Amino acid sequence: MMPMFPILRLILPFFASLCGLQAQAANPPIQYPWDLLQQRAKVYEEDIRWNLDKAMLPRLTPAERAALGKAHLEVPIRGGLAGHHALRRDKLGVIVMPAESVRFFSDLCTATAWLAARGYSLSTITDYLGMLKYSDPKSLGLLRMPLPLDALSIPEAELSDSGVESRRSACFSTGVVFILAHEIGHLVLGHRGYEGIGSIEAQDNEAAADAFALELFSRMGDLPLGALYYFTYASHLETHRGDYGSNAAWRAHVRDTTHPISPARVEALKAGLKRRASRFAAGRAAALTLADEVGVIADALTDTELHQLIRLQGETVRPYMLAPRRTDFWQVRPPAKRLPSIPFSGYYEGWLGYDAGERIPTQLVMHRDGNRVSGRYSYAGIGGSFTGLVKGQTMSYRWRQPGGSGKSQMSGSADSLRGSFEARDGSRGIFEIRRRL
Ligand SMILES: [Zn+2]
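Residues numbered from 1 in each chain as written. Predicted model: local features only at pLDDT ≥ 70, side-chain atom pairs only at ≥ 80, totals over all residues.

Asker: Would you explain the overall build of the protein chain in this entry?
Answerer: Of the regular secondary structure elements, the protein chain holds 14 helices and eleven strands. Within the span of the protein chain, comprising 437 residues, buried residues form 43% of the whole. Put simply, of all contacts in the protein chain between residues at least 6 apart along the chain, 67% involve residues at least 24 apart. (Helix = DSSP H or I, 4+ residues; strand = E, 2+ residues; numbered from the N terminus. Buried ≥ 20, exposed ≤ 12 C-beta atoms within 10 Å, placed from the backbone. Contact = placed C-beta atoms within 7 Å.)

Asker: Please explain helix 13 (residues 284–301) as it appears in this structure.
Answerer: In an α-helix, one full turn covers 3.6 residues, which means residues spaced three or four apart are oriented alike. The end-to-end C-alpha distance of helix 13 is 26 Å, a good match for the 26 Å that 18 residues give at a rise of 1.5 Å each. Buried within helix 13 are the following residues: Ala 287, Leu 290, Val 294, Ile 297, Ala 298, Ala 300 and Leu 301. Buried residues of helix 13, viewed axially, fall in a sector of 160°; they line one side. (Expected span 1.5 Å × (residues − 1). Arc of directions from axis to C-beta.)

Asker: What's the story with the environment of Gly 242 in this structure? I'm lost.
Answerer: On the secondary structure map, Gly 242 appears in the loop between helix 10 (225–237) and helix 11 (247–256). In this structure Gly 242 comes out as buried when scored by C-beta crowding, with 22 C-beta atoms within 10 Å. Taking C-alpha positions, Gly 242 is 7.3 Å from Ile 310, a pair spaced 68 residues apart along the chain. Sequence-distant contacts of Gly 242, defined by excluding residues within four places in its chain, comprise His 307, Gln 308, Ile 310 and Arg 311.

Asker: Looking at this model, I keep getting lost on helix 8 (residues 162–188). Mind explaining?
Answerer: Here helix 8 spans 38 Å end to end across 27 residues, near enough to the 39 Å set by a 1.5 Å rise per residue. Where burial is concerned, most of helix 8 is hidden: 21 out of the 27 residues are buried. Phi for Gly 190, located one or two positions after helix 8, is positive at around 70°.

Asker: For this particular structure, what's the right way to read the pairing of strand 6 (residues 372–379)?
Answerer: Remember that side chains alternate between the two faces of the sheet whenever the strand is regular. Where strand 5 (residues 360–369) lies against strand 6, eight bridges are found, and the strand directions are antiparallel. The residue of strand 6 that forms the bridge with Thr 362 is Tyr 379. Taking the residues between adjacent antiparallel strands as the criterion, strand 5 and strand 6 are bridged by two residues, where Gly 370 takes a positive phi near 65°. (Pairing = 2+ DSSP bridges.)

Asker: Would you mind showing me how to read unusual backbone geometry here?
Answerer: Negative phi characterises most residues that are not glycine, and trans characterises most peptide bonds. Even without a glycine there, the phi angle at Asp 90 is positive, about 55°. With respect to the helices and strands, the residue Asp 90 is situated in the loop between strand 2 (85–89) and strand 3 (92–96). Residue classification places Asp 90 among the exposed positions, given that 7 C-beta atoms sit within 10 Å.

Asker: What am I meant to see in the sheet that holds strand 3 here?
Answerer: Backbone hydrogen bonds hold the strands of a sheet together, and the pairing may be parallel or antiparallel. The mixed open sheet is built from three strands, whose spatial order is 1-3-2. Edge strands, defined here as strands with exactly one partner in the open sheet, are strand 1 (70–74) and strand 2. Going across the sheet, the axis of each strand differs from the next one's by a mean of 25°, ignoring polarity. Here strand 1 runs beside strand 3; their pairing, made up of five bridges, is parallel. Looking across to strand 3, one finds that Glu 74 is bridged to Val 96. (Axes fitted to C-alpha atoms, helices over the stretch in contact; angles between N-to-C directions.)

Asker: What exactly am I supposed to notice about the packing of helix 8 against helix 10 here?
Answerer: The axes of two packed helices give the description: the angle between them and the distance between them. Helix 10 packs onto helix 8 with a crossing angle of 80° between their chain directions and a minimal axis gap of 6 Å. One way to sum up the angle between helix 8 and helix 10 is to call them roughly perpendicular. On the side of helix 8, the interface is formed by Ala 170, Cys 171, Phe 172, Ser 173, Thr 174, Gly 175, Phe 178 and Ile 179, while helix 10 contributes Leu 225, Gly 226, Ala 227, Tyr 229 and Tyr 230. When its residues are assigned to classes, the contact of helix 8 with helix 10 shows nine nonpolar, four polar and no charged. (Parallel < 35°, antiparallel > 145°, perpendicular 65-115°, else oblique. Nonpolar A, V, L, I, M, F, W, Y, C, P; charged D, E, K, R; others polar.)

Asker: How should I be thinking about the environment of Ser 411 in this particular structure?
Answerer: Relative to the elements of secondary structure, Ser 411 occurs in strand 9 (residues 404–412). Residue classification places Ser 411 among the partly exposed positions, given that 16 C-beta atoms sit within 10 Å. Along the backbone, Ser 411 and Lys 391 are 20 residues apart, and their C-alpha atoms lie at a distance of 9.6 Å. For Ser 411, the residues in contact, after removing those within four places along its chain, are Gln 393, Thr 394, Leu 417 and Arg 418.

Asker: What should I look at first to understand the packing of helix 8 against helix 9 (residues 199–220) in this one?
Answerer: Two elements in contact, helix 8 and helix 9, have axes separated by 8 Å at closest approach and are oriented at 120°. Considering their axes alone, helix 8 and helix 9 lie oblique with respect to each other. In the packing of helix 8 onto helix 9, the handedness of the crossing is right-handed. Each of Phe 178, Ala 181, His 182, Gly 185, His 186 and Val 188 in helix 8 lies in contact with helix 9, whose residues at this interface are Asn 205, Ala 208, Ala 209, Asp 210, Phe 212, Ala 213, Leu 216 and Phe 217. Within the contact of helix 8 with helix 9, the residues separate by chemical class into nine nonpolar, four polar and one charged. (Left-handed = near helix turned anticlockwise from the far one by under 90°.)

Asker: Explanation requested: the nonpolar core in the structure shown.
Answerer: In globular proteins that are soluble, nonpolar side chains generally tend to be buried together. Ranked by internal contacts, the top residues of the largest apolar core, which has 80 residues, are Leu 180, Ala 181 and Tyr 230. Ranked by residues supplied to this core, first place goes to helix 8 with 13 residues. Counting 19 residues, the second-largest nonpolar core is a separate cluster that includes Phe 344, Val 373, Tyr 377 and Phe 431. (Core = buried A, V, L, I, M, F, W, Y, C linked by C-beta atoms within 7 Å.)

Asker: Would you take a moment to explain the environment of Ala 113 for this structure?
Answerer: Mapped onto the elements of the fold, Ala 113 is located in helix 4 (residues 99–117). A residue is classified by how many C-beta atoms lie within 10 Å of it, and Ala 113, with 26 of them, is buried. Expressed as a C-alpha distance, the spacing of Ala 113 and Glu 165, which sit 52 residues apart in the sequence, is 7.3 Å. Sequence-distant contacts of Ala 113, defined by excluding residues within four places in its chain, comprise Val 164, Arg 167, Arg 168 and Cys 171.

Asker: Just checking my understanding: could you explain the confidence of the model for the protein chain for this structure?
Answerer: When pLDDT is low, close inspection of the predicted coordinates is not appropriate. Per-residue pLDDT for the protein chain has a mean of 84; in total, 89% of the residues score no lower than 70. Within the protein chain, helix 7 (residues 148–151) carries the highest mean pLDDT (97), whereas helix 1 (residues 22–25) carries the lowest (43). Confidence over residues 1–25 falls short of pLDDT 50; this stretch has 92 contacts with residues more than four positions distant or in other chains. (pLDDT = per-residue confidence, 0-100.)

Here it is in structure tokens:
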């Protein structure tokens, strides 16, 4: 069985960004020391070239090889945090994978592996990416943005542990090779560059290159586990629905860009994995599990509230919040001591959601003193607190959580309560909770 990573709760991978983030290329928010990159570039180039020559090229059909022509790999030092791309230069198919981009992904895999191996939440990684996207050193009181492993307090001494190393390698090697396969796909399929082509064609090209990469992986028998992480992390740096005030504005952006989000494309990858499930060495079950995880991502892509939440977290995160934390850090637990069985007192569980959205499990604990109530709640890895005032069977309360606050009401009996809340964009959600203790 392959080592499987726990799937992130706040994931938003945009498969479209595989070739992307060109806007970042000129001025990435973090700067690796030149010497470090120069030294790593040689190793990356050797490894990637080995994969190209020994793993990829022998598995192309004669027709594909003919379409590819002579392939040439370039590993420049700089190039942004996700600056991989392919281009035609005369008869040469050139694949460009900047050392800067590879190193950044390598660091994120290292962080993922160590945090997962130690039972910590991976949400500090996406918080860090949000910080890179939405903040700048000045507003954080820093001279420069910290590099990933420093920011996330990953102890270097523990990285050689076999448990950490095998997870890191599963993420990194399959991720980098998937990118390589995707770029080969562009060349084999004869795609033009993004200059002067429409967004529809660009999106189709991305989907086709994804499918090609997946096909190549199935010929090798390996599951592209790392691709999941690459897309997840790249997506947090890219523009998403949470960056736009309305669906209309967002759709206009999607229409006008070559690298928009596309749930359909993620669904296509999921379908591709399922279709080829029996062709992977890890076995059909592992492939179907990965396909399911990709499906979770596809669902997340259509979730406006999730995008807004990600933006909110990115805007409010501070460097000290990036210390490793347990996966259930925010989760409200039943109190050790039984609380009085009166309305608005005790430990409650239930769900919250919007009209059309999924039901998200939520937990609350309330302490009542006369008409006054104080409490805490949690849902989807997020926690907040509130204070309220009871009048009859209704409590009016003010809630507060990282990145937001607001007023709301809940009402009902001692055992069952209902309420509504307003999201930042004005959409209204409802919740229902039942007393458990
Ligand atoms: Zn591409």
